[in-house]
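Topology and contacts: notes
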Amino acid sequence: MKEENFLKKVNAISDFKLRYSFGQAGNDQIGNVLYAQLYSATRLYGNASAIFPSQLGNPDLTWENREESNIGLDLGFFKNRITLTVDAYKRINKDLLLARPLYSTTGFTSIQQNLGKMENKGLELMLSVTPFDGKFKWTSTFNIAFQKNKVLELYDGLQSLPSDASIRVGSPIGSFFTAEWAGVNPATGRGMWYDINGNLTYNPTANDRKIIGDIYPSKFGGWNNTLSYKGFSLDAFFQYEYGRVRLDGQYQQMMRMAGATVNTLSYGFITRWQNPGDIVPTPRAFNGLADYNSAGWGTGSRYIFRTDYIRLKQVTLGYDIPANFAKKYRLEGARVYVQGINLWTYTEWPSYDPEFTGDNFGIIPQSKNITVGVQVRF
């Protein structure tokens, strides 16, 4: 659009571009010959070797299909000292390749089929600013991405998968579908949960489960700053993520107060219920993995936490030796620097490190590193 006549003479705008794209892609990554009716010869019938159907075939199996639309905007101002990039996208995955469970009386447990539809959509923004561009130069770049996904439909009009109730129409993939933790009864010290109607209960049932959250962040991004003056330079990069929840398996195992002869966290011991009237986050200690007439110690959302964090991922301070000084020693150039990685993190995640995948059981946290170095060019 910058090339249009009505914008060519607008000097403040150095770039103005609109973009749109649409595409389709297929996915067949489900393993080999899952479409075929297979037989094996590892059974006996009448004391003799026999063949039997070992896989139920599906001649109608097709590729999973993904359609994506993307609309974007590129803006530049004042000779691109300020730039803005915006992208909005929508992805629809159709004919998902999934194993449909079957009743075992059929002789099979599942059949591979094209089932359901899923939507991913999001918005991505990146803003870059160069406030100073002389002897002292400073460039700051900030980006943020918003994302959502949800299941649009399953097969046979189902609202949830029989084999995995967390996969539900209208909810994200990777959701936690469980009973909500309600805290500790101050009178008795017993753990409590909410039922489907919001009432307190000691024994939540399958009908009391609901979506607690999902494993994907709703927003994430970074902020990078580069400053330089003469031979000095400073680079600092912050990384952040919000909106994700995860089960803290390590914290869960180490909060089994009197449930097993293992080491536990001092936090659980100190904050446990001891006397009527205690307002504490940890139930009374009991000999076993379930209190009297109560659900098990690991039931529900008690050990599901938000993993929101902001982290100083990397910072580097460097100095380039002046060229005339380096030439005295027959050097092309030299640079000294000090670099830090993972120096600071803000989070309310109770365990070691919020930046992980899996259930956080036995995961070693990322280390803090400080490096001092010299680079010499001959």
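See the structure printed just above.
What comes next concerns the included structure. All residue numbers here refer to positions counted from 1 along the written sequence of the relevant chain. Only residues with pLDDT of at least 70 are given local features in this predicted model, and only at 80 or more are side-chain atom pairs given and counted; all residues enter the totals for whole chains, interfaces and linings. As a rule here, side-chain values come from all non-hydrogen atoms in the structure, and water together with hydrogens is ignored.

What follows covers the overall build of the protein chain. Helix and strand assignments come from DSSP, with helices taken as H or I runs of at least 4 residues and strands as E runs of at least 2, each series counted from the N terminus. Each helix and strand in the protein chain was counted, giving four helices and 23 strands. For this measure, only C-alpha atoms enter the radius of gyration; the expected value for a globule follows 2.2 Å times N^0.38, where N is the number of residues. Taken over C-alpha atoms, the radius of gyration comes to 29 Å for the protein chain, far larger than the 21 Å a tight globule of 378 residues would show. With the C-alpha coordinates of the protein chain rotated into their principal frame, the extents come out at 90 × 65 × 50 Å. Buried residues are those whose accessible area, probed at 1.4 Å on protein chains only, stays under 20% of the maximum for their type, while exposed residues exceed 50% and partly exposed ones sit between those limits. Across the 378 residues of the protein chain, 35% fall into the buried class.

Moving on: the side chain of R244. As for its placement among the helices and strands, R244 is situated in the loop between strand 18 (232-242) and strand 19 (245-247). The class of R244 is buried, set by a relative accessible area of 7%. Within the structure, the side chain of R244 is placed 3.3 Å from the side chain of E241, a separation counted as a polar contact. Polar contacts here mean pairs of N or O atoms no more than 3.5 Å apart (in protein, one a potential hydrogen donor and the other a potential acceptor; neighbouring residues in sequence count only if both atoms are side-chain atoms). One polar contact links the side chain of R244 to the main-chain carbonyl oxygen of F356, over a distance of 3.1 Å. The residues touching R244, leaving out its near neighbours within four places in the chain, are D214, I215, Y216, P217, F305, R306, T307, D308, P354 and F356. In this description, contact between two residues means that some pair of their heavy atoms is separated by no more than 4.5 Å.

To continue, consider the sheet that holds strand 17 (residues 219-229). Only strands that DSSP links by at least two bridges are regarded as paired with each other. Pairing in this open sheet of 10 strands is antiparallel, and the strands run 1-4-5-8-9-17-18-21-22-23 from one edge to the other. Both outer strands of the open sheet, strand 1 (13-27) and strand 23 (369-377), are each paired with one neighbouring strand and no more. The average angle at which neighbouring strand axes cross in this sheet is 10°, direction not considered. Where strand 4 (residues 64-77) lies against strand 5 (residues 82-94), 13 bridges are found, and the strand directions are antiparallel. Structural elements are reduced to axes, namely lines fitted to C-alpha atoms, with helices fitted over the stretch in contact, and the angle between N-to-C directions of any two is expressed from 0 to 180 degrees.

With respect to topology, three strands assemble into an open sheet ordered 13-14-15, the strand pairing being antiparallel. Looking at the sheet topology across the chains shown, the edges are occupied by strand 13 (180-184) and strand 15 (200-201). Here strand 14 (residues 191-194) runs beside strand 15; their pairing, made up of two bridges, is antiparallel. Each residue of the ladder has a partner; that of W193, found in strand 15, is T201.

By the secondary structure assignment, G358 is in the loop between strand 22 (333-347) and strand 23. The class of G358 is partly exposed, set by a relative accessible area of 36%. In the structure, G358 is positioned 109 residues away from G249 in sequence and 9.1 Å away in space, judged by C-alpha atoms.

It is worth spelling out the packing of aromatic side chains at this point. The description of two aromatic rings rests on the distance between their centres and on the angle between their planes. Think of it this way: a Phe, Tyr or Trp ring, Trp meaning its six-membered ring, pairs with another when their centres are within 6.5 Å, and the plane angle makes it stacked under 30 degrees, edge-to-face over 60, tilted otherwise. All chains considered together, the criterion is met by 12 aromatic pairs. When the centroid spacing of 6.4 Å and the interplanar angle of 15° are considered together, the rings of F132 and W138 count as stacked. Pairing F142 with Y240 gives two aromatic rings, centres 5.9 Å apart and planes at 10°, and the pair type is stacked. In this pair, F142 is assigned in strand 9 (residues 136-153) and Y240 in strand 18, connecting sequence segments 98 residues apart. Overall, the relative accessible area of 36% leaves F142 in the partly exposed class. Residue Y240 is classed as buried on the basis of its relative accessible area, which comes to 10%. An aromatic cluster is defined as three or more aromatic residues linked by ring pairs; in this entry it consists of Y251, W297, Y303, F305, W349 and F356. Stacked on the ring of F356, the Lys or Arg R244 has its end atom at 5.2 Å from the ring centre. Charge-over-ring placement is defined geometrically: NZ (Lys) or CZ (Arg) within 6 Å of the ring centre, and within 35 degrees of the ring normal.

On to unusual backbone geometry. Note on backbone geometry: most residues besides glycine have negative phi, and most peptide bonds are trans. Even without being glycine, V33 reaches a positive phi, approximately 45°. The backbone phi angle of K230 is positive, close to 55°, even though this residue is not glycine. Here K230 lies in the loop between strand 17 and strand 18.

For cavity detection a 1 Å grid was placed over the protein atoms alone, and a set of points counts as a cavity when a 1.4 Å probe fits there but cannot get out; an open set counts as a pocket when protein lies on both sides within 12 Å along at least five of seven lines, with lining residues being those that have an atom within 4 Å of a point. Grid points are joined across faces, edges and corners, and a volume is the space filled by probe spheres set on the points. Taken as a whole and judged by the stated rule, the model has one cavity of 30 Å³ or more. The space that makes up the largest cavity amounts to roughly 190 Å³. What lines the largest cavity is a set of 21 residues, and nearest its centre among them are P283, R284, F286, W297 and R302. Here the lining of the largest cavity is composed, by residue class, of 10 nonpolar, six polar and five charged. Side-chain classes are defined by residue name, with Ala, Val, Leu, Ile, Met, Phe, Trp, Tyr, Cys and Pro counting as nonpolar, Asp, Glu, Lys and Arg as charged, and the others, Gly among them, as polar.

Note that side chains of opposite charge can pair when their charged atoms are close. One side-chain nitrogen of Lys or Arg within 4 Å of one carboxyl oxygen of Asp or Glu is enough to make a salt bridge. Counting across every chain of the model gives 15 salt bridges. The residue R19 makes a salt bridge to D87 at a minimum N-O spacing of 3.0 Å. Pair noted here: R19 is in strand 1 and D87 is in strand 5, with a separation of 68 residues, a long-range link. For D87, a relative accessible area of 13% puts it in the buried group. Taking the shortest distance from any N to any O, the salt bridge between D133 and K137 comes out at 3.9 Å. One network of salt bridges, in which partners are shared, links R311, K313, D353 and E355.

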